[in-house]
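Descriptive structure summary
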Amino acid sequence: MDTNYERVVEKIAKVAGLQKEEIERRVEAKRAKLSGLISKDGAAQIIAAELGVSFDDEKLKIDELLPGMRKVNVVGKVVNLFPIRTFTTKKGDEGKVSNFILADETSNIKVVLWDTNHIGLIESGTVATGGFVEIKNAAMRDNELHLGSFSEFKPSSEIIASVKTEKIVKEKSIVNFRVSDAARVRAFIVQTFEPRFFYVCPECKKKVVSGSDGFICQDHGKIGAEKRALINVVLDDGTETMRAVAFHEILNPLGITDLEHLENLIVQREALLGKEMIFSGNVRTNKFFNNPEFIIDQIKDVDFDEVILSLEKPGN
């Protein structure tokens, strides 16, 4: 069971004075009523609201945060501060946005600041990498924590001795994938597409454009570009299907080792169909199709001895 979902169910049961099994039954009933179009997390949030159980204004740990939560309060350490970006609104006004990674002893999360007063704390150095901050009245959007003008953001005197800075990847079913998720799933490849080729700068690895006399990198000018490839596949884990992207570095472990010879490529693509593997990566929005897709960053074969052991664990 998903750890966040389990915690939510436990809290609802405790506050409402019901058994966990009853909460889980109501969650499944709610999902069935909505034709499975809502995740377990989302259904649990609805059940909580129906029972008068509120998560608002409670100080939470990062691994307790769920998409859709409002009035989130949390304390953590700034472990990675990204450059402040400027943008122009549709009305022509200029704005700023700041992003950083916040970590505590349980997990870490991306935080997005939109208010100029909050961003000013970063510009002035009042909040910097390695410092601790307190956040109040923030909102979860997908798997990011967003602060607006009604949120509070300030340095904190609270010290957390050890924080989790490594990327947190959660086991999830595809039906429960949400944009910004870092997830791991065991799934079958049910469809493959022709590889697409592009060129990158050998220095910064950014995509380059073709000019009249060669390739041009925005940062390094005229360069000798490196040829790269990507392949789209469709994954199916039994709960849902999703289009996924495997970039150049992932093609070899995927099973695509020959991109130059068409006959070999056809054989290797056909061999992928029906293959079951464990895929790790990030869910993002495909801007062209305007739907979610899975960007694969790691692939491993299924260890069936490991699977059997996990199924034998209590509670499974």
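One structure accompanies this document, and this report is about it. Quick caveat: nothing in here was measured; it's all calculated off a predicted structure. (Residues numbered from 1 in each chain as written. Predicted model: local features only at pLDDT ≥ 70, side-chain atom pairs only at ≥ 80, totals over all residues. Heavy atoms only, no water.)

**With respect to the overall build of the chain**
Helix and strand counts for the chain come out as seven helices and 17 strands. With respect to the principal axes defined by its C-alpha atoms, the chain has extents near 65 × 55 × 40 Å. Residue burial in the chain is summarised as follows: out of 316 residues, 39% are buried. Of the roughly 18,000 Å² that the chain leaves accessible, carbon and sulfur atoms contribute 50%. Charged side chains in the chain number 44 positive and 49 negative. The centres of these two groups are separated by 4 Å. (Helix = DSSP H or I, 4+ residues; strand = E, 2+ residues; numbered from the N terminus. Buried < 20%, exposed > 50% of the residue type's maximum accessible area, 1.4 Å probe, protein only. Areas by Shrake-Rupley, 256 points an atom, 1.4 Å probe, with all protein chains shown as cover. Lys, Arg positive; Asp, Glu negative; His and termini not counted. Charge placed at Lys NZ, Arg CZ, Asp CG, Glu CD.)

**Considerations on the pattern of salt bridges**
Inspection of every chain in the model, using the stated rule, returns 18 salt bridges. For Lys61, the salt bridge identified is with Glu105, shortest N-O distance 2.7 Å. Of this pair, Lys61 sits in the loop between helix H3 (40–50) and strand S1 (72–81) while Glu105 sits in the loop between strand S3 (94–103) and strand S4 (108–113), and the two are 44 residues apart along the sequence. By relative accessible area, Lys61 is classed as partly exposed at 30%. One salt bridge in this structure joins Arg184 and Glu171, with 3.5 Å as the shortest N-O distance. One end of the pair, Arg184, is in strand S9 (residues 182–192); the other, Glu171, is in strand S8 (residues 170–171), and 13 residues separate them in sequence. Three or more residues joined by partner-sharing salt bridges are found here, namely Glu22, Arg25 and Arg26. (Salt bridge = Lys/Arg side-chain N within 4 Å of Asp/Glu carboxyl O.)

**Considerations on helix H6 (residues 262–272)**
Turning to H6, its buried residues number three or more, namely Leu265, Gln268, Arg269 and Leu272. For H6, the arc enclosing every buried residue in end-on projection is 100°, short of the 170-degree limit, so these residues lie on one face. Of the residues in H6, the exposed ones pointing more than 90 degrees away from the buried face are Glu263, Val267, Glu270 and Ala271. Lining the buried residues of H6 we find S9 and helix H5 (248–254). (Arc of directions from axis to C-beta. Contact = heavy atoms within 4.5 Å.)

**Notes on the sheet that holds strand S13 (residues 221–223)**
Strand order in this open sheet of three strands is S11-S12-S13, and the pairing throughout is antiparallel. With partners counted over all chains shown, the strands left at the sheet margins are strand S11 (209–211) and S13, one partner each. Along the sheet, successive strands turn relative to each other by an average axial angle of 45°, direction set aside. (Pairing = 2+ DSSP bridges. Axes fitted to C-alpha atoms, helices over the stretch in contact; angles between N-to-C directions.)

**Remarks on the environment of Leu273**
Within the secondary structure, Leu273 is located in the loop between H6 and strand S16 (276–286). Distance in space between the C-alpha atoms of Leu273 and Val133 is 48 Å, their sequence separation being 140 residues.

**So, the packing of aromatic side chains**
Aromatic ring pairs are defined here through the distance separating the ring centres and the angle between the ring planes. Counting across every chain of the model gives six aromatic pairs. Between Phe177 and Phe294, the aromatic rings sit 5.2 Å apart at their centres with planes inclined by 40°, giving tilted as the arrangement. Here the residue Phe177 occupies a position in the loop between S8 and S9, and Phe294 occupies one in strand S17 (residues 291–301), the gap between them amounting to 117 residues. Residue Phe177 shares its accessibility class with Phe294, and that shared class is buried. Measuring from ring centre to ring centre gives 4.9 Å for Phe288 and Phe289, while their planes differ by 85°; the resulting arrangement is edge-to-face. The side chain of Lys227 reaches across the aromatic face of Phe197, ending 4.5 Å from its centre. The positively charged end of Arg243 is found above the aromatic ring belonging to Phe193, 4.4 Å away from the centroid. (Phe/Tyr/Trp six-rings, centres within 6.5 Å; stacked < 30°, edge-to-face > 60°. Lys NZ or Arg CZ within 6 Å of the ring centre and 35° of its normal.)

**Some words on the pairing of strand S15 (residues 241–247)**
Where strand S14 (residues 226–236) lies against S15, seven bridges are found, and the strand directions are antiparallel. Looking across to S15, one finds that Val233 is bridged to Ala244. Once S14 ends, the chain turns through four residues before running back antiparallel as S15, passing Gly238 with a positive phi of about 95°. Direction of pairing for S15 relative to S17: parallel, over a ladder of three bridges.

**Description of the state of the cysteines**
Taken as a whole and judged by the stated rule, the model has zero disulfides. Cysteine Cys201 shares no disulfide, and the gap to the nearest cysteine sulfur, in Cys217, comes to 3.8 Å. Given the relative accessible area of 0%, Cys201 is considered buried. As a non-bridged cysteine, Cys217 has Cys204 as the owner of its nearest cysteine sulfur, 3.7 Å distant. For Cys217, a relative accessible area of 3% translates into the label buried. (Disulfide = S-S within 2.5 Å.)

**Brief notes about the packing of helix H2 (residues 20–33) against H3**
Orientation of H2 relative to H3, taken along the N-to-C sense of each, is 110°, at an axis distance of 9 Å. In terms of orientation, H2 lies roughly perpendicular with respect to H3. Of the two possible hands of crossing, H2 and H3 adopt the one that is right-handed. For the pair H2 and H3, the contacting residues are Arg26, Val27, Glu28, Lys30 and Arg31 in the first and Lys40, Ala43, Ala44, Ile46, Ile47 and Glu50 in the second. When grouped by side-chain class, the residues that make up the contact of H2 with H3 number five nonpolar, no polar and six charged. (Parallel < 35°, antiparallel > 145°, perpendicular 65-115°, else oblique. Left-handed = near helix turned anticlockwise from the far one by under 90°. Nonpolar A, V, L, I, M, F, W, Y, C, P; charged D, E, K, R; others polar.)

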